Amino acid sequence: MIALSEGIGYIILLGVGLVMALTVTLLVRVETKWLGTKKTFEWFSTAGRNVKVGLIASSVVSAWTWAATLLQSSTVAYQFGISGPFWYAAGASIQVVLFAILATELKRKAPSSHTFPEIIYARFGKNSHKVFLFFALMTNTVVTAMLVLGGAAALNSLTGINIYVAAFLIPVGVIIYTFFGGLKATFLAEYMNTTFLFAVVLVFVTAVYFTNPQIGGISGMFEKLTSAAALKPVEGNSVGSYLTLASTGALIFGIINIVGNFGTVFVDQAYWQRAIAAGTRSVFRGFLLGGLAWFAIPFSLATTLGLAAVAINLQLTPEQTSMGLVAPNAASSIMGDVGAILILTILFTAVTSAGSAELISVSSLVTYDIYRTYIKPSSSGRDLMRISRLSIVLFGMGMGLLALLLLQAGVSLQYVYLAMGILIGSAVVPVALAVVWKKTSKVAATAGALIGLACGVASWVGTAYMLSGEVSVRSTSQDIPLLVGNVVSILVGAAVVLIGSSIQPEYFDFSLMKQKIVTVDGRIKGLFEKEDEEYLKKSSKFGYKIAIALTLVLVVAWPMPLYLSGYVFSQTVYFIWVGIAVAWAAIAAGVIVFMPLIESRAGIFRALKMIGQKTSEAATYELASKKWPDVDMTKDPELYMAKRILVAIDGSRQSLHALNYAIGVYNEPGPSRIFLLHVIEWAEESEEPLDEEMTLKMEKEGRILLNSIVTPKIANDVVRIVKVGDPAAKIAEMADKIGANMIVMGSNGLSNAEELGSVTKKVLKLTSRPVVLMK
């Protein structure tokens, strides 16, 4: 069903990535211009390790919203009725909720880590590290393949763009977006993506259930679903109804969904990266809130579009269904071109944003776990930045080629989604226990992951052969082989590591993690906020209870009574069910949209204030300089006529002597103004902007130093300035800005060397202004 022209398809295909790339670049530019900050690759890849709850939650929602979330959830609604969206949402949100426990343990035990294979390396050594690095990269490959396949199929269906062209070009937009943003910029862009995503979900819910005459509201939907079940009963559902949770097919899907998605959270570096970036007091709440908010997207969207497809008797071939084309075609049928554009746009924001999360994850794995671990351990931030960007481009283009091969082999989105747990599920329990259990054995953990993978694949293929007499894409895509393979993979991996570690435990001291895992730049480590060990312990204990309780509610207490009783919803109960879906989406949208704004209100106001102050500051500096073409001198003639003395303060004895000399000059006849400058040395390792939080911490340290210097007699004529960067360059630059009559500084810094210090020598080369050196 082609609803849009190819031209619109290409605009969406290439435009979304370009717009998001421009957005990230604009954010970067605003930070650079108004906050005047720079950063290293260490900060580029960890976002300062202090991201707040709201941004973590919105980022989790964005990263976990794949093409499959928007497409496959509506497919199972089309196939099984209301049970499909529920099992998709419940079966894929509990992993994020449970991962909150691991995220908290990560902050406790390995706060300096960059990737989860780094933790494996620190605990188990090289051989185990290589095995789990393989699983990590395979997870990123599987997830990215699903993103590309889902996006290409939807584009082809609604616009007629060649599916192979779409599959190859989709990664281009993702590469563009990812290439320009560090992790913090990605968080901000993901927030905007999540906001737009929830807005569109609420538009579809409103259109289908409240305004569309074709559906007839909630009561009309109920009647149409009842009629559809009478005409074509759902096999395996209670009395063939679409309005029941008693669905054997949906339950099988739910089990496969649960098992498979444990792998794509616990073994996906994207979620570990968000745990690393989160603040100590934000990490558990961020993931818990993100998991519960994400539940609303597949639950509400599929309860809307998937059931609408059944209600309007949308006719799709099995191939179209397996490619995830229920939602795009339902949106197009109900809302016309607007519906088609909206579904394609949120699909591509999801593909771009989630794809970016995967590319950044791969770049971290390549830079930290391959390049820095095995190729160049002494690599600088500049080296890692180069390797990171190269890996983003190569992996992104490689995924386009992989998608072409999968399409050529007849592999669909649904096939990859249901088979992913077989490939990566065996590593789930070994990875989790490596972080939380001190007795975990290196041999047992590594063997569990490998043996589980082998047994999972063997049981999958073997069951398919037993049931169909052949091994092919068709036979291995059946429910029973997929169910067996998924369950065997995760259970065998768990059994091997648990039994092996119980028989021959290895008692690991987790405090060694903080010594073994080092940052790229040691200066950054001193700026980290000290981890609140007591708070993290309490958070961990609470996390186990709340995460396990929510898991049991979502997959046992809520659905199982309705399944076992074979209950078919009445119209009243269906009203309540839809009301829950709508309310959950609205509340989640409100929290995800407004919480980051509330948490960041101080920073937002500060940024706006700085935008206003920058002009004022620039005018002040110009007034204090030698050239006054645009300033009315009568406003501050005293400052214009004053001697302007720049004193470089680094806390050394010589710099204090410099200040005393400057005070002596100040006391001479005539107006004077003393500028105290403290520069925090920071090498420019990249052209990327430094995070605002880090800048604030560094400037705070500098202000503490300057404020400790008491100048009571000249207090009204002292200006204290803190800068970050190369000390000599900043001193020369500031002297020019204020039009300094002289620069007074120590002949050397804290080194107390006899000869001139390196900074002093460089200042003498950079400036033509008089420089007074004090010993």
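Residues numbered from 1 in each chain as written. Predicted model: local features only at pLDDT ≥ 70, side-chain atom pairs only at ≥ 80, totals over all residues. Heavy atoms only, no water.

**So, a nonpolar patch on the surface**
Put simply, the rule is: Residues with no salt bridge and a relative accessible area higher than 30% make up the patches, which join like charges within 9 Å and nonpolar side chains (Val, Leu, Ile, Met, Phe, Trp, Tyr) within 5 Å. Using a 1.4 Å probe, accessible areas were evaluated by the Shrake-Rupley method; residue-level cover was limited to the displayed protein chains. Criterion for a salt bridge: a side-chain nitrogen of Lys or Arg within 4 Å of a carboxyl oxygen of Asp or Glu. Strands are runs of DSSP state E lasting at least 2 residues, helices are runs of H or I lasting at least 4, and numbering of each runs from the N terminus.
Judged by side-chain polarity, Tyr544, Ile548, Leu552 and Val556 come together as a nonpolar surface patch covering roughly 330 Å² of accessible area. Mapped onto the secondary structure, Tyr544 falls in helix α24 (residues 533-557).

**Points about the confidence of the model for the protein chain**
Convention followed: Note on scores: pLDDT gives the predictor's confidence for each residue, bounded by 0 and 100. Contact between two residues is taken to exist if any of their heavy atoms lie within 4.5 Å; hydrogens are not considered.
Across the protein chain, the average pLDDT comes to 84, with 85% of residues at or above 70. Long-range and interchain partners of residues 617-640, a stretch whose pLDDT sits below 50, account for 30 contacts in this model, where long-range means more than four residues apart. Predicted confidence is poor over residues 685-689, with pLDDT under 50, and the contacts of this stretch with residues over four places away or in other chains come to 19 contacts.

**Overview of the pairing of strand β4 (residues 742-746)**
Here is the rule we go by: Buried means the residue's accessible area, taken with a 1.4 Å probe over protein chains only, is under 20% of the maximum for its type, while exposed means over 50%, and partly exposed covers the values in between. Should DSSP find at least two bridges between two strands, the strands are regarded as paired.
Within β4, 5 of the 5 residues are buried, leaving the element largely enclosed by the surrounding structure. The alternating pattern of β4 places Met742, Val744 and Gly746 on one face and Ile743 and Met745 on the opposite face, and all of these are buried. The sheet contact formed by strand β1 (residues 643-648) and β4 spans 3 bridges and is parallel. Bridge assignment links Val647 to a residue of β4, and that residue is Val744.

**Overview of the layout of surface pockets**
Our working rule: The way it works is a 1 Å grid over only the protein atoms, where trapped points that fit a 1.4 Å probe form a cavity and open points with protein on both sides within 12 Å along at least five of seven lines form a pocket, and then any residue with an atom within 4 Å of a point lines it. Grid points are joined across faces, edges and corners, and a volume is the space filled by probe spheres set on the points.
Volume-wise, the largest pocket comes out at about 1500 Å³. As for the largest pocket, its lining consists of 46 residues, of which Tyr78, Gln79, Thr317, Pro318 and Thr321 are closest to the centre. When contributions to the lining of the largest pocket are tallied by element, the ones reaching two or more residues are α4 (67-80), α8 (163-180), α10 (217-231), α11 (248-266), α13 (283-311), α14 (318-322), α17 (413-424) and α20 (473-476).

**Notes on the packing of aromatic side chains**
Keep this limit in mind: Stacked, tilted and edge-to-face are the three classes assigned to paired rings of Phe, Tyr and Trp, where Trp is represented by its six-membered ring and a pair needs centres within 6.5 Å; plane angles under 30 degrees give stacked, over 60 edge-to-face, the rest tilted. Cation placement over rings: the criterion is NZ of Lys or CZ of Arg within 6 Å of the ring centroid and within 35° of the ring normal.
For the structure shown, the criterion picks out 32 aromatic pairs. Geometrically, the ring pair formed by Trp64 and Tyr271 is edge-to-face, given 5.6 Å between the ring centres and 90° between the ring planes. Placement of Trp64 in helix α3 (residues 53-64) and of Tyr271 in helix α12 (residues 269-277) is noted, with a sequence separation of 207 residues between them. According to the relative accessible area criterion, Tyr271 is buried, its value standing at 0%. Arranged with centres 6.5 Å apart and planes meeting at 40°, the rings of Phe132 and Phe135 form a pair that is tilted. In this pair, Phe132 and Phe135 are both assigned in helix α7 (residues 126-159), 3 residues apart and thus about one turn of the helix distant. The pair formed by Phe132 and Phe135 is uniform in burial state, with each residue classed as buried. Ring-pair connections join several aromatic residues into one group, and the members of that group are Phe86, Trp87, Phe295, Phe299, Trp558, Tyr567, Phe569, Trp577 and Trp584. A cation sits over an aromatic face here: Lys109 above Phe510, 4.2 Å from the ring centre.

**A short note on the packing of helix α5 (residues 83-109) against α11**
Here is the rule: The axes are straight lines fitted to the C-alpha atoms, using for helices just the contacting stretch, and the angles between their N-to-C directions are given from 0 to 180°. Orientation categories follow fixed angle ranges, with anything under 35 degrees roughly parallel, anything over 145 roughly antiparallel, 65 to 115 roughly perpendicular, and all other angles oblique. Note: crossing handedness is left-handed where the near helix turns anticlockwise from the far helix by less than a right angle, and right-handed where it turns clockwise. When residues are grouped by polarity, Ala, Val, Leu, Ile, Met, Phe, Trp, Tyr, Cys and Pro land in nonpolar, Asp, Glu, Lys and Arg in charged, and all others, Gly among them, in polar.
The N-to-C vectors of α5 and α11 enclose an angle of 30°; their axes lie 8 Å apart at closest approach. Taken together, α5 and α11 sit at an angle that is classed as roughly parallel. Considering only the axes of α5 and α11, their crossing is right-handed. Taking contact as the criterion, the partners of Ser83, Gly84, Trp87, Tyr88, Gly91, Ala92, Ile94, Gln95, Val96, Leu98, Phe99 and Leu102 in α5 are, on α11, Ala250, Leu251, Phe253, Gly254, Asn257, Ile258, Asn261, Phe262, Val265 and Phe266. Residue composition of the contact of α5 with α11, by class: 15 nonpolar, 7 polar and no charged.

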